[in-house]
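Letter by letter, the chains look like this.
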Amino acid sequence: MTELIPKVQVPMNFGVQYLGSPSHSNLKFLLESGEELLANSMIISYNSPVIENLTTNLFQSTIEVQDFSKDAVQCFLEASYSGDVKKISRSNFREVNKMGHVFDVAWIVDRCYKYFKSLTETVKVNNYTEQLFVFEEAMFMFITLKKRNFVELVITKFTCLTTCTEHFVTKYLSDITSCSSTTLDEIIEMTGKEEYILIQVLVNHLENNNCVIDPKTRYILERLTFKSRQAAHKPLYLELMKKLESIDNPSKEDFKLIVGLLTRCYGASEGQEVAKKAGYVPYLFHNFQQLQDINDLDTLATFLEKSPLVTNSYIFYDAVFCWLFDKQVDFRTPFVKVSSKFVTKFSNIMTSRGWDPLPREYIEVKINPIFGGLTAMIFKNVHMVTENKSNYNRIVSISDYTPDELFSRDHDIKFKFKQDRLGRFDCQRKKYRLRLCVDTTA
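What you see is a predicted model, and the numbers here were worked out from it, not measured in a lab. (Residues numbered from 1 in each chain as written. Predicted model: local features only at pLDDT ≥ 70, side-chain atom pairs only at ≥ 80, totals over all residues. Heavy atoms only, no water.)

K.L.:
What should I look at first to understand the packing of aromatic side chains in this one?
P.N.:
Given two aromatic rings, their pairing is described by the distance between the two centres and the angle made by the two planes. Counted according to the given criterion, the structure contains 17 aromatic pairs. On the numbers, 5.6 Å between centres and 90 degrees between planes, the contact of Trp323 with Phe335 is edge-to-face. Linking Trp323 in helix H17 (residues 313-326) with Phe335 in the loop between H17 and helix H18 (340-353), this pair joins segments that are 12 residues apart in sequence. Under the relative-accessibility criterion, Trp323 is labelled buried at 0%. Taken together through their ring pairs, the aromatic side chains of Phe93, Tyr113, Tyr115, Phe116 and Phe150 make up a single cluster. (Phe/Tyr/Trp six-rings, centres within 6.5 Å; stacked < 30°, edge-to-face > 60°. Helix = DSSP H or I, 4+ residues; strand = E, 2+ residues; numbered from the N terminus. Buried < 20%, exposed > 50% of the residue type's maximum accessible area, 1.4 Å probe, protein only.)

K.L.:
Teacher, can you tell me more about unusual backbone geometry here?
P.N.:
Note on backbone geometry: most residues besides glycine have negative phi, and most peptide bonds are trans. Put simply, Val10 and Pro11 share a cis peptide bond, and its omega is 5 degrees. Within the secondary structure layout, Pro11 lies in the segment before strand E1 (27-30). Notably, Lys146 is not glycine yet its phi reads approximately 60 degrees, a positive angle. Relative to the helices and strands, Lys146 is located in the loop between helix H6 (128-145) and helix H7 (149-160). Lys146 gets classed as exposed once you look at its relative accessible area, which sits at 65%. If you check the backbone angles, Cys211 has positive phi at about 55 degrees while not being a glycine. By the element assignment, Cys211 lies in the loop between helix H10 (196-208) and helix H11 (215-221). With relative accessibility at 15%, the residue Cys211 sits in the buried group.

K.L.:
Please explain H6 as it appears in this structure.
P.N.:
Note on helix geometry: an α-helix contains 3.6 residues per turn, so any two residues three or four positions apart are oriented the same way. The end-to-end C-alpha distance of H6 is 25 Å, a good match for the 26 Å that 18 residues give at a rise of 1.5 Å each. Of the residues making up H6, those classed as buried are Tyr128, Glu130, Gln131, Phe133, Val134, Phe135, Glu137, Ala138, Met139, Phe140, Met141 and Phe142. Buried positions along H6 lie against helix H4 (93-102), helix H5 (106-121), H7, helix H8 (164-172) and helix H9 (181-191). Among the residues of H6, the N-terminal cap falls to Asn127, whose side-chain oxygen and the backbone nitrogen of Thr129 are separated by 3.2 Å. (Expected span 1.5 Å × (residues − 1). Contact = heavy atoms within 4.5 Å. Polar contact = N/O pair within 3.5 Å; in protein donor to acceptor, adjacent residues only side chain to side chain.)

K.L.:
Would you mind showing me how to read the nonpolar core here?
P.N.:
For soluble globular proteins, the rule of thumb is that nonpolar side chains tend to be buried together. Grouped together as the largest cluster of nonpolar side chains are 87 residues, with contacts concentrated most on Phe29, Leu173, Leu224, Leu240 and Leu244. Residues in contact with Leu244, not counting those within four places in the same chain, are Leu206, Ile213, Leu221, Ile258 and Leu261. Core analysis: the next-biggest nonpolar cluster, separate from the first, contains 39 residues, Tyr314, Ile315, Ile349 and Val385 among them. (Core = buried A, V, L, I, M, F, W, Y, C linked by side-chain atoms within 4.5 Å.)

K.L.:
Would you mind showing me how to read the sheet that holds strand E2 (residues 36-39) here?
P.N.:
Hydrogen bonds along the backbone pair up the strands of a sheet, which may run parallel or antiparallel. Strand order in this open sheet of 3 strands is E2-E1-E3, and the pairing throughout is mixed. Every other strand in the sheet has two partners, leaving E2 and strand E3 (62-64) as the edge strands with one partner each. Direction aside, neighbouring strands of the sheet carry axes that sit 25 degrees apart on average. As paired elements, E1 and E3 share 3 bridges and run parallel to each other. Bridging across to E3, Leu30 finds its partner in Glu64. Along the sheet, helix H3 (residues 70-82) makes contact with E1 and E2, crossing E2 at roughly 5 degrees. (Pairing = 2+ DSSP bridges. Axes fitted to C-alpha atoms, helices over the stretch in contact; angles between N-to-C directions.)

K.L.:
When you look at the pattern of salt bridges in this model, what are you seeing that I'm missing?
P.N.:
Between side chains of opposite charge, a pair can form when the charged atoms approach closely. Tallied over the entire structure, the rule returns 14 salt bridges. Note that Asp254 is salt-bridged to Arg218, the shortest N-O span being 2.4 Å. Of the two residues, Asp254 sits in helix H13 (residues 252-269) while Arg218 sits in helix H11, which places them 36 residues apart along the sequence. Owing to a relative accessible area of 18%, Arg218 belongs among the buried residues under this scheme. Overlapping salt bridges, with partners in common, bring together Arg148, Glu152, Glu186 and Glu189 in one network. (Salt bridge = Lys/Arg side-chain N within 4 Å of Asp/Glu carboxyl O.)

K.L.:
Explain the packing of H17 against H18 to me, please; I cannot follow it from the model alone.
P.N.:
Packed helix pairs are characterised by how far apart their axes lie and by the angle those axes make with each other. Where H17 meets H18, the closest approach of the two axes is 10 Å, and the angle between their N-to-C directions is 155 degrees. Judged by the inter-axis angle, H17 sits roughly antiparallel to H18. Seen along the crossing, H17 lies across H18 with a hand that is right-handed. Across from Ser313, Phe316, Tyr317 and Val320 in H17, the residues of H18 making contact are Phe342, Phe346, Ile349 and Met350. Split into classes, the residues belonging to the contact of H17 with H18 amount to 7 nonpolar, 1 polar and no charged. (Parallel < 35°, antiparallel > 145°, perpendicular 65-115°, else oblique. Left-handed = near helix turned anticlockwise from the far one by under 90°. Nonpolar A, V, L, I, M, F, W, Y, C, P; charged D, E, K, R; others polar.)

K.L.:
Is there a simple way to think about the side chain of Ser25 in this case?
P.N.:
Of note, Ser25 is situated in the segment before E1. Side-chain polar atoms of Ser25 contact the backbone oxygen of Ser21, separated by 2.6 Å. The contact partners of Ser25, leaving out residues within four places of it in the chain, are Tyr18, Gly20, Leu38, Ala39 and Asn40.

K.L.:
I'm lost on the side chain of Asn47 in this one. Help?
P.N.:
With respect to the helices, strands and loops of the structure, Asn47 is situated in helix H1 (residues 41-47). For Asn47, a relative accessible area of 4% translates into the label buried. There is a polar contact of 2.9 Å between the side chain of Asn47 and the backbone oxygen of Ile43. Apart from residues lying up to four places away in sequence, Asn47 is in contact with Val10, Phe14, Ser80, Asp104, Val105 and Trp107.

K.L.:
Looking at this structure, I do not really get helix H2 (residues 49-57). What am I missing?
P.N.:
Along H2, the residues classified as buried are Ile51, Leu54 and Thr55. Burial along H2 is one-sided: seen end-on, the buried residues are contained in an arc of 85 degrees. Following H2 by one or two positions, Phe59 has its phi on the positive side, about 60 degrees. (Arc of directions from axis to C-beta.)

Structure representation (structure tokens):
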């Protein structure tokens, strides 16, 4: 009985000297320039099931490779003939690797991975050129071929080298706006617990771009966790918050973002202090730069009436409250005395915008000389205050709610107050602090 010829196993050395020989070559690889590189269809088919199908089943004698350079195609063909990827280099790695995937040559794909791994393992902490090469090649593989193993290699290497991540990320993100969201996701993962690196990048970027929150800056800001903040980096976080607070004319979306960041940043390590501030009012406009620049009640009322951030009576009241608090002369002396004219204008704005009145229980705790008689003046206006307690339940901490719940829609915030176990409100029970609550169904 005749034995079958054993199946050829690649990689195998078929003799690279035969590559391009007219007498052995029946397959053409057509380059973008029009030049043709010759090869033997059987040898190439042993290596590539894709080319085997094109030649054997579809009877193709020409393979178009216009997307690849001559150097890369030559390296690919020589590897198929010799069984070794000898001519791979930094300059042709990307294309040779891609050809291995496109034509499904498993062993070339494996050799490319090992080559890339060797490059990654030799990366030095202070060599940005080496770092940039391996990172961008890894991202190319991830974005174009959906292969993330290269990215994982790079992240593992960078994070195990002291200061390497900081050195690379700081330099790479010197222009945040040029990065894709996919790239930013990998950078964010790379920084991991060293979130302060991103904070430094954001501080530098805002400083160099007049504190404008562009889409990529917003993308990073939205993904900050503040979970790994260390005491040594606290000034850096505070510097970022200061720059965000100083933004002129923030959009409604920017303001929502900034409020959320302030809450998370200060809440990450100073939860008790923030809770006290939030215990009486939302305190959304504390140290708000645009309010700091206003020095009289008429200008304040006009500004708040036109501001897209002010969408209900509670936010209007909070802005006035914070303005008076921040600009107080001392603990007993207000910056200005609130006039009846100002309160009437506030009342008219509430009426014209269809805002609900303020619950008495919400504002009665804010009677203090530094507020210039604001609360007392409001109590005198029957259109601005409601005595209805039947709709109010427990007030929860502001930290339980997102800025979206405050600003996402132009509606009144529905504040709810603590009821006793019998269901009747006891306004004399001082042990219950008033806390902000939002009912998004209102």
